[in-house]
Amino acid sequence: MTPSPLVLDGLVVGAMLLTLGLVGILSRRNLIVMFLSAELMLQGISVSLVSWSRHHGDWGGQVLVVFVLTVAACEAALALVFVLQAFARTGRLDAAAWQSLRESNLPRTIDLELPASDAEPLTFPRLTPAGVEPDHDPDAALEREHV
Amino acid sequence: MSPDGGLSTTGSLLAMAVGCAAASLWLLLPRGESGMRERAARRFGTLLGAVSLTLFVACGRRLGGIGEEVIFLVVSLVAVVGAAATVVTRSPVYAAIWFALALAGVAGVMLVIGAQFLGVATIVVYAGAILVMFLFVLMLAQPTGMAAYDRVSNEPLLSAVTGAVLLGLLTLFIGRLSAGPADCCSFPLKATALAGGGTAVTGQARQDTDPLAADHVARLGGELFGRHLLAVEAAGVLLLVALVGSIAIVSRTPTEEGTVPQPRRVAP
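Not measured: the values here are computed from a predicted model. (Residues numbered from 1 in each chain as written. Chains lettered and ligands numbered in written order. Predicted model: local features only at pLDDT ≥ 70, side-chain atom pairs only at ≥ 80, totals over all residues. Heavy atoms only, no water.)

## Some words on the confidence of the model for chain B
Quick note on the threshold: Per-residue confidence from the predictor is reported as pLDDT, a score between 0 and 100. Contacts are assigned to residue pairs with any non-hydrogen atoms lying within 4.5 Å of each other.
The pLDDT averaged across chain B works out to 81; a share of 77% of its residues lies at or above 70. Under a pLDDT of 50 for its full length, residues 196–207 of chain B has, in the predicted model, 10 contacts with residues more than four places off or in other chains.

Below, the structure written as structure tokens:
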């Protein structure tokens, strides 16, 4: 029983998403982007499961995708809590900030000096103040008795 | 991969597509460059990526009708382009936005393949909840600009080559599936087996398992709460445990660097 062309193309799309997620999780250093890449891999697997479900004509693949969604939600919650704690300890979202956890025989990652970024910092327009600022007490404005 | 010439042409096209994809990813990943070199690499990488996607599309199979083909092409391109941009974008906020676009594409692919409920659930759960949570954490943790660690990658060349090898193997295997009846996928359809193992599928069995049936969601729910009821209960417990665990972890405020929080003393 040869799979239909739609099933095969769905499998190819799933393989592409899985590969892109793998490349992201291997190469990026921002913890949040690494977790986004892991979610991309889960999406690729979900597309493959749905394709196989279509091929075999039963609901097993789709039911599995429902559980993949559930586990992804749990995983994202716990992972983000860990990321927040890591940020509170080191002040960076950098995976290399935790390289003291590496194997003892591996060399230490040392960041080279980066060339200065030539990306313009974002500038936002400012409205010119119009009229005369009336007299007001900024402290009194904080004590609002009626809101 | 096949004795006749047509498939080997497809195979070489696929190999070229995978190679172009790897080179494009390597060029697009942040490598700590700046200025003209970075802009040139980004343009060339985008061009190579477009060439790779064109080659993949050229190797694709002809689906049933022109409408189905065009819709599947559009949604899968949205998914793949969004995923690639998620991986290579420097700014993590933009990466999250690109991930939302990839999710929309994935939901479209699921709709086309015949998983209507899952397509909508992906949008609701991922784009509505998980992605918003990611953005919250990003805004809490990295409110300003691009950091230095967003401009460099760990081993971009090696990871791009790894991705190319994996994608090449997967597409090779999927291509073999289409080449003919192999041993790997000769299991009888469940509907066929239920109908007595014969070649003819009765109308009732066909209707029971058709993913495009009108009462798709009802059938999926019946399967979920019938055969997989215990797993649903376990998933509910898992969600509860994750909720309690994340609250327990986040409520432990980290004290000074390196100090272990002392356990609370219990009064005698």
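## Some details on the nonpolar core
Cut-off, in case you're wondering: In these notes, a set of buried Ala, Val, Leu, Ile, Met, Phe, Trp, Tyr and Cys residues joined through side-chain atoms within 4.5 Å is what counts as a nonpolar core. Residue burial is assigned from relative accessible area. The probe radius is 1.4 Å, only protein chains are included, and a residue is buried under 20% of its type maximum, exposed over 50%, and partly exposed in between. For the purposes of this description, domain bounds are those given by an automatic or database domain assignment.
Core analysis: the largest hydrophobic core is formed by 81 residues, its most contacted members being I32(A) and F72(B). Two domains each put at least three residues into this core: domain 1 (5–186) and domain 2 (187–254) of chain B. Once residues lying within four places of it in the same chain are set aside, the contact partners of F72(B) are L6(A), D9(A), G10(A), V13(A), L63(B), V109(B), V112(B) and I113(B).

## A short note on the pattern of salt bridges
Residues and elements named next belong to chain A. What counts, and what does not: Here a salt bridge means any side-chain nitrogen of Lys or Arg lying within 4 Å of a carboxyl oxygen belonging to Asp or Glu. For helices the rule is a DSSP run of H or I covering at least 4 residues; for strands it is a run of E covering at least 2, with both sets numbered from the N terminus onward.
Taken as a whole and judged by the stated rule, the model has 8 salt bridges over all chains. Residues R29 and D94 are paired through a salt bridge, measuring 2.7 Å at the closest nitrogen-oxygen approach. In this pair, R29 sits in the loop between α1 (5–27) and α2 (31–56) while D94 sits in the loop between α3 (60–90) and α4 (138–142), placing the two residues 65 residues apart along the sequence. By relative accessible area, D94 is classed as buried at 0%. In the salt-bridge network here, residues are joined through shared partners; they are R29, R92 and D94.

## Focus on the interface of chain B and chain A
Note the cut-off: Computed with a 1.4 Å rolling probe, the buried area is the accessible surface lost when two parts are put together, summed over both parts. As used in this structure description, the phrase polar contact means that two N or O atoms lie within 3.5 Å; if the pair is within protein, one of them must be able to donate a hydrogen and the other to accept it, and residues adjacent in sequence are counted only when both atoms belong to side chains.
On the chain A side, the residues contacting the 100 residues of chain B number 76 residues. The three residues of chain B that bury the most area against chain A are I113(B), F134(B) and Y149(B), which together make up 9% of that side's buried surface. Between the two partners, chain B and chain A, sit 0 salt bridges. Counting every contact that joins chain B to chain A gives 10 residue pairs in polar contact (both at pLDDT 80 or more). Broken down by secondary-structure element, the contributors of at least two residues to the side of chain B that touches chain A are α2 (35–59), α3 (66–88), α4 (92–113), α5 (116–141), α6 (156–179), α8 (203–209), α9 (216–226) and α10 (229–250) of chain B. If you tally residues by element for the side of chain B that touches chain A, the top one is α5(B), at 13 residues.

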